[in-house]
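Chain residues, written in single-letter form:
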Amino acid sequence: MLNIPTQSFPAPGSQQRVAPSGQSERNKVALKPGHSLMDWIRFAKSGKDLTGLRGRLIEVTQEELQKHNTREDCWTCIRGMVYNVTPYMDYHPGGEEELMKAAGIDGTELFDQVHRWVNYESMLKECLVGRMATKTPAAMKAPAPPTGLAPPTSAAPPPDKDSRPRYDWFQTDVTVHLVVYAKRKIPSSGCTVVDLHSGVLRLEVLLGQMSYMIHLGLAEEVEGNVAVHTANAVGKIQVSIRKQAKGKWSSLGQPLESHNTFLRKKDRALYFRDCVLASKTEVNHNTHVLRLQLPRGTVMNVPVGKHVYLKALVQDTEVVRPYTPVDQDLSAGPRPSSQEPDLYLMIKVYPDGVFSSHLDSLYAGDHISVSGPEGSFSLRPLRDVTVLYLLAAGTGFTPMARLIRLALAEIGSIRKTKLLFFNRREEDILWRRELDELAAHEERFQVEYVLSEPSDSWSGRKGRVEESMLKDFLVRPDGSKCYVCVCGPAAFTELTVGFLKQQGFSEEELHAFQG
């Protein structure tokens, strides 16, 4: 019997990919009737032998893997585990061609480029052939603090010649303070996620494409609340926790997995915390805003342009989907800071959507697992931008909602923000009243709607995205610096980015979210 390792879900570094060169990375194909995700879940549980090995697990050599490289007999390896994906071909949203790229080889890298957030272990567990040995890249471990986990003599940043973050700690009789020195300026949008639960402290600092982790079993009992204070200009983060009993600790605690490591963010496994649905507000006929409350002991601010993953068990199968948070509303005023803000997610319910239907069935008080911030969107390219164009289709509006508020309230160089919003019908337009009110009261914001199935009374733009429409909308004023963000279904994004490049927009002037 093989000892099949239990891997952390999902694959390390799970994140919603933003395609390089502004391109969408993945196009979905039209599946045959009866081949939805729910159909695959049912088929996988039918008891049929999906591996061809009658339930046996085998050791797979490189030579053996290479033999299974055809449409009728397709094996692939993901993170050391070999799967027979032949029966999954017709159910794969990306189509047969995409799966065949990994036929007979180690498909981990290809998988990571497109599907890093997918729970393949749950989706393909009935297709598991066995294991083959792989080498796991070692984490780049930051040097330990000079005093280990014992109390330091002071909280001054320790001398270090490299740029990797360091940490230290100090205490009073009633509090314990952990200090991280990032050795670089920290974005004001928030980059620290803290989870304190049952005496275990997990602190992740997001620094561009890198992630610094502190993971400790604390030495003594503490209260459940956490306070985080950030000195952005000097790159200092202080986490303060109240002790349950007065006194001095001899040490901070015991290091746990991945403690004091500095990794590429995409190589860091997702961490989920249990949130509670506080309320559900109707947006239109098929869309709601869910307000999620973070658990006590969690401090998490999702930066603009980032997303989170929601995870739930649907018919005994773990299903994970990415969602981009929105603000509570579109008002352009500054937001009050809060250590424990609620999370607002705009969810469109699809009739055949396994996950969205599950979310729609939840009531206030129900629980849902939520990851930390993910994604590679950066605000840095918006520096000195004077005109911001946002091209959104359907729920591709969600990342644009917070970008609009940010551009109006916090980026002084942006003189004009223009949204071109594509939908099927008038009743599908998300937050239309809010958008119209914002445009009426804020001269720096403009919105236009495009409908593909308009009513006879519709007087606005009609049709789908096309080159002539974008030429008319995307005007470059003399002396301006323009930037374009695109989000929507994969086909919309790919087509739109192509038109933008034909109009002379460079890769540095556009960003495509994956829809």
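A. Molecular detail of the overall build of the chain. In terms of regular secondary structure, the chain is built from ten helices and 28 strands. When each of the 515 residues of the chain is scored for burial, the buried share is 51%. Taking the intrachain contacts of the chain between residues at least 6 apart in sequence as the baseline, contacts between residues at least 24 apart amount to 72%. Approximately 24000 Å² of the chain is accessible, and the part contributed by carbon and sulfur atoms is 50%.

B. Molecular detail of the sheet that holds strand 2 (residues 69–70). The strand order across the open sheet formed by five strands is 1-5-4-3-2, and the pairing between neighbours is mixed. Edge positions in the sheet fall to strand 1 (58–59) and strand 2, since each has one partner strand and no second. Bridge count for strand 3 (residues 73–78) against strand 4 (residues 81–84) is four bridges, and the pairing is antiparallel. Considered in strand 4, the bridge of Cys-77 is made with Val-82.

C. Quick peek at the pairing of strand 18 (residues 308–314). Burial analysis of strand 18 places six of its seven residues in the buried class, the great majority of the element. Bridge count for strand 18 against strand 19 (residues 317–323) is seven bridges, and the pairing is antiparallel. From the neighbouring strand, Lys-311 faces strand 19, where its bridge partner is Val-320. Pairing of strand 18 with strand 22 (residues 367–371), which is carried by two bridges, proceeds in the antiparallel orientation. Note that in strand 22 the partner of Leu-310 across the bridge is Val-370.

D. Examining the nonpolar core more closely. Core analysis: the biggest nonpolar cluster contains 38 residues, and Phe-397, Leu-403, Ile-404, Leu-419, Phe-421, Leu-435 and Cys-485 have the highest contact counts within it. For this core, the elements supplying multiple residues, two or more each, are strand 21 (343–348), strand 23 (387–393), helix 7 (398–409), strand 24 (416–423), helix 8 (432–441), strand 25 (445–451) and strand 27 (482–487). Of the residues forming this core, the biggest block, seven residues, is contributed by helix 7. With sequence-adjacent residues up to four places away left out, Phe-421 is seen in contact with Ala-392, Gly-394, Phe-397, Ile-429, Leu-430, Leu-435, Glu-448, Tyr-449 and Val-450.

E. Fine view of the sheet that holds strand 11 (residues 222–231). With antiparallel pairing, the four strands of this open sheet are ordered in space as 6-7-12-11. Each of the sheet's edge strands pairs with one partner strand only, and the pair in question is strand 6 (166–171) and strand 11. When the angles between neighbouring strand axes are averaged without regard to direction, this sheet yields 20°.

F. Geometry of the confidence of the model for the chain. Here the chain averages 85 in pLDDT, and 85% of its residues register 70 or above. Low pLDDT (under 50) marks residues 1–27, which in the prediction has 113 contacts with non-local residues, meaning those over four places away or in another chain. Scored below 50 in pLDDT, residues 151–160 makes 21 contacts in the model with residues more than four places away or belonging to other chains.

G. Spotlight on the environment of Asp-428. By secondary structure assignment, the location of Asp-428 is in the loop between strand 24 and helix 8. The exposure class assigned to Asp-428 is buried, which follows from its relative accessible area of 11%. With 23 residues separating them along the chain, Asp-428 and Leu-451 place their C-alpha atoms 9.3 Å apart. Once you skip the residues sitting within four places of it in the chain, Asp-428 turns out to touch Asn-284, His-285 and Asn-423.

H. Broad picture of the environment of Leu-206. Following the sequence through the fold, Leu-206 ends up in strand 9 (residues 200–207). Note: C-alpha distance between Leu-206 and Val-193 (13 residues apart in sequence) is 8.2 Å. In contact with Leu-206, other than residues within four places in its own chain, are Cys-191, Ser-211, Lys-265 and Pro-373.

I. Seen up close, helix 7. The terminal C-alpha atoms of helix 7 lie 18 Å apart, and with twelve residues this matches the ideal 16 Å at 1.5 Å per residue to within 8%. Every buried residue of helix 7 is listed here: Thr-398, Pro-399, Met-400, Ala-401, Arg-402, Leu-403, Ile-404, Arg-405, Leu-406, Ala-407 and Leu-408.

J. Main features of the packing of aromatic side chains. One pass over the structure, following the stated rule, counts twelve aromatic pairs. Taking the centre distance of 5.8 Å and the plane angle of 15° together, the rings of Phe-43 and Tyr-91 count as stacked. A residue pair is termed long-range when its members are at least 10 positions apart, and Phe-43 in helix 1 (residues 37–44) and Tyr-91 in the loop between strand 4 and helix 3 (96–100) qualify at 48 residues. Overall, Phe-43 belongs to the partly exposed group, its relative accessible area being 22%. Here the aromatic rings of Phe-397 and Phe-421 are separated by 5.1 Å at their centres, their planes lie at 20°, and the arrangement is stacked.

K. Expanded view of the pattern of salt bridges. Counting across every chain of the model gives 31 salt bridges. Between Lys-67 and Glu-64 there is a salt bridge whose closest N-O contact spans 3.5 Å. On the criterion of helical spacing, the pair formed by Lys-67 and Glu-64 is a turn pair, its members being three residues apart in helix 2 (residues 62–67). The salt bridge partner of Asp-195 is Arg-273, with a shortest N-O separation of 2.5 Å. In this pair, Asp-195 sits in strand 8 (residues 192–197) while Arg-273 sits in strand 15 (residues 272–284), placing the two residues 78 residues apart along the sequence.

L. Main features of the side chain of Thr-417. Here Thr-417 is to be found in strand 24. For Thr-417, the contacting residues outside a window of four places in its chain are Leu-388, Leu-390, Ala-407, Arg-444, Phe-445 and Gln-446.

M. Looking closely at unusual backbone geometry. One non-glycine residue, Lys-183, lies in the positive phi region at around 65°. Relative to the helices and strands, Lys-183 resides in the loop between strand 7 (175–181) and strand 8.

Rules and cut-offs
- Residues numbered from 1 in each chain as written.
- Predicted model: local features only at pLDDT ≥ 70, side-chain atom pairs only at ≥ 80, totals over all residues.
- Heavy atoms only, no water.
- Helix = DSSP H or I, 4+ residues; strand = E, 2+ residues; numbered from the N terminus.
- Buried < 20%, exposed > 50% of the residue type's maximum accessible area, 1.4 Å probe, protein only.
- Contact = heavy atoms within 4.5 Å.
- Areas by Shrake-Rupley, 256 points an atom, 1.4 Å probe, with all protein chains shown as cover.
- Pairing = 2+ DSSP bridges.
- Core = buried A, V, L, I, M, F, W, Y, C linked by side-chain atoms within 4.5 Å.
- Axes fitted to C-alpha atoms, helices over the stretch in contact; angles between N-to-C directions.
- pLDDT = per-residue confidence, 0-100.
- Expected span 1.5 Å × (residues − 1).
- Phe/Tyr/Trp six-rings, centres within 6.5 Å; stacked < 30°, edge-to-face > 60°.
- Salt bridge = Lys/Arg side-chain N within 4 Å of Asp/Glu carboxyl O.

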